[in-house]
Amino acid sequence: MLTRRALATITTASVVLAVSSFAGIVSAGTAAGAANKASAPSNDLIGGATNVASLPFTQTLDTTGATTDATDVQANADCGAPATNNSVWYTFTAGATDTSLTVDTTGSDYSSGVIIATGSPGALSTEACGPVSAHVASAPGAHYTIMVFDDTGSGGTLQLSIHGAGPPPANDLISGAVPIGSVPFSDTVDTTGATTDSVDAQLNATCGAPSTGNTVWYKFTAGPNDTNISIDAFASNYNAGIAVATGTPGSLTTQTCSPFSVIATTTPGTTYYIQVFDFAGGGGGTLQLNVTRAPSVKLDVFRQTFVTRAGLAQFKGTYSCTDATSLEIAGSLVEIVGNTVAFGQFDKSIEHLNCDGARHTWKANVVTALGRFAPGNAVAFTSGFACGDVACVQLDKAQVLTLTHTLNSPTIAPVATSATHLSVRSARNTRRNYGTAHHPTTAQWGR
């Protein structure tokens, strides 16, 4: 029979043994965790940067053990990435034939970013930066420092490719223009190997871009529902310009051209050539092209407009639209009444918008800002502003109305003067010198 003293001794010994065993397990687990943690790669710091002797250069590297220091922070000052975690470094000196430098991390298993810089450690100047990839037009003999990092997490397996200009793309010349069968349409092209020829120069004579380097071509025949199309290259990692033209190669006429995006009014059955180019002469890069239908809007105001005995006017009219999710109609009314001027404005957002292409009625009251309206003739300035998911269009009209105390059998007014102005509101990133490369965790940052 065990005494209380003996039982206490056995219990105490068991607890000590259990605690000792648990400590051994924790210690072993900690040691195993330390053994599994990746060590810092040799190019973790800028002083150990891997020298890229020639292009192309590829590497697969575990960056989970890489660190971040003050040099990373200084390099990012001109870029603005959300983080420069687990950074690794490379250097490259351009040779006599190296006119283009692209750093690409496509295939990496983490959200990777790239900075290409010149200068010395601690005083680096960013030349290009972006998520996934970055590109510069390199100068022979120039020395570049490259930092690759994780912009959100803690590194992973880096798949790195550093290369010069790619081969000429299939649509480098207008004879190889890619047909756009229907919209929406998107395409991704490496334009660093694209060239420029006399057809590019001829089209630019009616556009006036500062440069048409690294051009690629598309062609589009408008269908019955294609009245306005939006074309944008916002997500490209270089300064992409766009021109839309009609005619034949060598005798093209610009319909519209602009940096980064355009909206073109198209006629069903007409074929349009679309030229995309580097307007800054930077050697091209990765083009991300998107073509969608832009909203279309038609607007009419009834010629006879009701005016109350108190001198307040009311507009009525019709609208029709396609591919729009919102429509705002605004305008002003001016009338000379005797020796005075009456002036008022209105602003009407269409509720329960119906953009089926058919005519629908609308009305709005004019808020008088000066004088009182009276029966007679007045001039109305009316704007319709229709927006879709990617772009907006604005229709501006000016016409003569008849103000009356009664509104009998209203008719649609003939337009005295009419002009259409198209504008773009992009739902994509619009930072000009940076662009946004496409990957699942694209960061909204850059210069």
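The structure displayed is predicted, hence computed values, not measured ones.

We now examine the overall build of the protein. Helix and strand counts for the protein come out as three helices and 28 strands. Evaluated residue by residue, the protein yields a buried proportion of 47% over its 447 residues. Nonlocal contacts in the protein, meaning residues at least 24 apart in sequence, comprise 74% of its contacts between residues at least 6 apart. Of the accessible surface of the protein, which amounts to about 20500 Å², a share of 55% is contributed by carbon and sulfur atoms.

The next point concerns the pattern of salt bridges. Going through the model one piece at a time under the given rule, you end up with three salt bridges. The salt bridge partner of aspartate 226 is arginine 293, with a shortest N-O separation of 2.8 Å. With aspartate 226 in the loop between β12 (213-221) and β13 (228-232) and arginine 293 in strand β18 (residues 286-293), the pair connects residues that are 67 residues apart, well separated along the chain. Looking at arginine 293, the relative accessible area reads 33%, which means it is partly exposed. Where lysine 397 meets aspartate 300, a salt bridge forms, and the shortest distance between an N and an O atom there is 3.3 Å. Of the two residues, lysine 397 sits in strand β27 (residues 392-404) while aspartate 300 sits in strand β19 (residues 296-301), which places them 97 residues apart along the sequence. Here lysine 397 matches aspartate 300 in class, with each residue buried.

Sheet strands associate in pairs through backbone hydrogen bonding, adopting either a parallel or an antiparallel arrangement. Taken in spatial order, the four strands line up as β2-β9-β4-β7 in an open sheet, and their pairing is antiparallel. In this open sheet, the two strands that pair with only one neighbour each are β2 (57-62) and β7 (133-136). Averaged over neighbouring strand pairs, the angle between their axes works out to 10° when direction is ignored. Taken together, the six bridges between β2 and strand β9 (residues 157-163) define a ladder with antiparallel strand orientation.

Disulfide: a covalent bond connecting the sulfur atoms of a pair of cysteines. With the rule as written, the count across this model stands at four disulfides. A disulfide bridge connects cysteine 79 with cysteine 129, and the sulfur atoms are separated by 2.3 Å. When the S-S torsion is 100°, as for the bridge of cysteine 79 with cysteine 129, the disulfide is right-handed. One end of the pair, cysteine 79, is in the loop between α2 (70-76) and β3 (85-93); the other, cysteine 129, is in strand β6 (residues 123-131), and 50 residues separate them in sequence.

A few words on the environment of threonine 402. In this structure, threonine 402 sits in strand β27. Spatially, the C-alpha atoms of threonine 402 and threonine 305 are 6.0 Å apart, while their sequence positions differ by 97 residues. Not counting residues within four places of it along the chain, the set of residues in contact with threonine 402 comprises Arg303, Gln304, Thr305, Gly376 and Asn377. Among the polar contacts listed, one links the side chain of threonine 402 to the side chain of asparagine 377, at a separation of 3.4 Å.

We now examine the side chain of histidine 163. Counting through the fold element by element, histidine 163 comes out in strand β9. Judged by its relative accessible area of 18%, histidine 163 falls in the buried class. For histidine 163, the contacting residues outside a window of four places in its chain are Leu55, Pro56, Ser100, Leu101, Thr102 and Asp190.

Turning our attention to the nonpolar core. Phe315, Leu333, Trp362 and Phe373 are the most contacted members of the largest nonpolar core, which has 29 residues in total. Residues contacting tryptophan 362, with those up to four places away along its chain left out, are Leu299, Asp300, Val301, Phe315, Lys316, Gly317, Thr318, Tyr319, Ile329, Phe346 and Ile350. Of all hydrophobic cores here, the second largest spans 24 residues; its members include Ile229, Tyr238, Ile242 and Tyr272.

A large share of β19 lies buried, amounting to five of its six residues. When β19 meets strand β21 (residues 313-322), the two strands line up antiparallel, connected through six bridges. The residue of β21 that forms the bridge with leucine 299 is tyrosine 319.

Strand order in the open sheet formed by five strands is β1-β3-β8-β5-β6, with mixed pairing between adjacent strands. Where the open sheet ends on each side, the last strands, each with one partner, are β1 (50-52) and β6. Averaged over all neighbouring strand pairs, the angle between strand axes comes to 30°, with direction disregarded.

This brings us to a nonpolar patch on the surface. A contiguous nonpolar patch, built from Ile336, Val341 and Leu370 and spanning about 300 Å² of accessible area, is present on the exposed surface. Mapped onto the secondary structure, leucine 370 falls in strand β25 (residues 367-370). Classification of leucine 370 by relative accessible area gives partly exposed; the value is 49%.

Before going further, it helps to examine the pairing of β13. Among the five residues in β13, five count as buried, and that is most of the element. Burial along β13 is two-sided: Asn228, Ser230 and Asp232 and Ile229 and Ile231, pointing in opposite directions, are all buried. Strand direction decides the pairing type here: β13 and strand β16 (residues 261-265), joined by five bridges, are antiparallel. Counterpart to isoleucine 229 in the pairing with β16 is alanine 264. The pairing of β13 with β18 spans four bridges and is antiparallel. Looking at the pairing, serine 230 lines up with threonine 292 of β18.

Procedures and definitions
- Residues numbered from 1 in each chain as written.
- Predicted model: local features only at pLDDT ≥ 70, side-chain atom pairs only at ≥ 80, totals over all residues.
- Heavy atoms only, no water.
- Helix = DSSP H or I, 4+ residues; strand = E, 2+ residues; numbered from the N terminus.
- Buried < 20%, exposed > 50% of the residue type's maximum accessible area, 1.4 Å probe, protein only.
- Contact = heavy atoms within 4.5 Å.
- Areas by Shrake-Rupley, 256 points an atom, 1.4 Å probe, with all protein chains shown as cover.
- Salt bridge = Lys/Arg side-chain N within 4 Å of Asp/Glu carboxyl O.
- Pairing = 2+ DSSP bridges.
- Axes fitted to C-alpha atoms, helices over the stretch in contact; angles between N-to-C directions.
- Disulfide = S-S within 2.5 Å.
- Polar contact = N/O pair within 3.5 Å; in protein donor to acceptor, adjacent residues only side chain to side chain.
- Core = buried A, V, L, I, M, F, W, Y, C linked by side-chain atoms within 4.5 Å.
- Patch = residues over 30% accessible without salt bridge, like charges linked within 9 Å, V, L, I, M, F, W, Y side chains within 5 Å.

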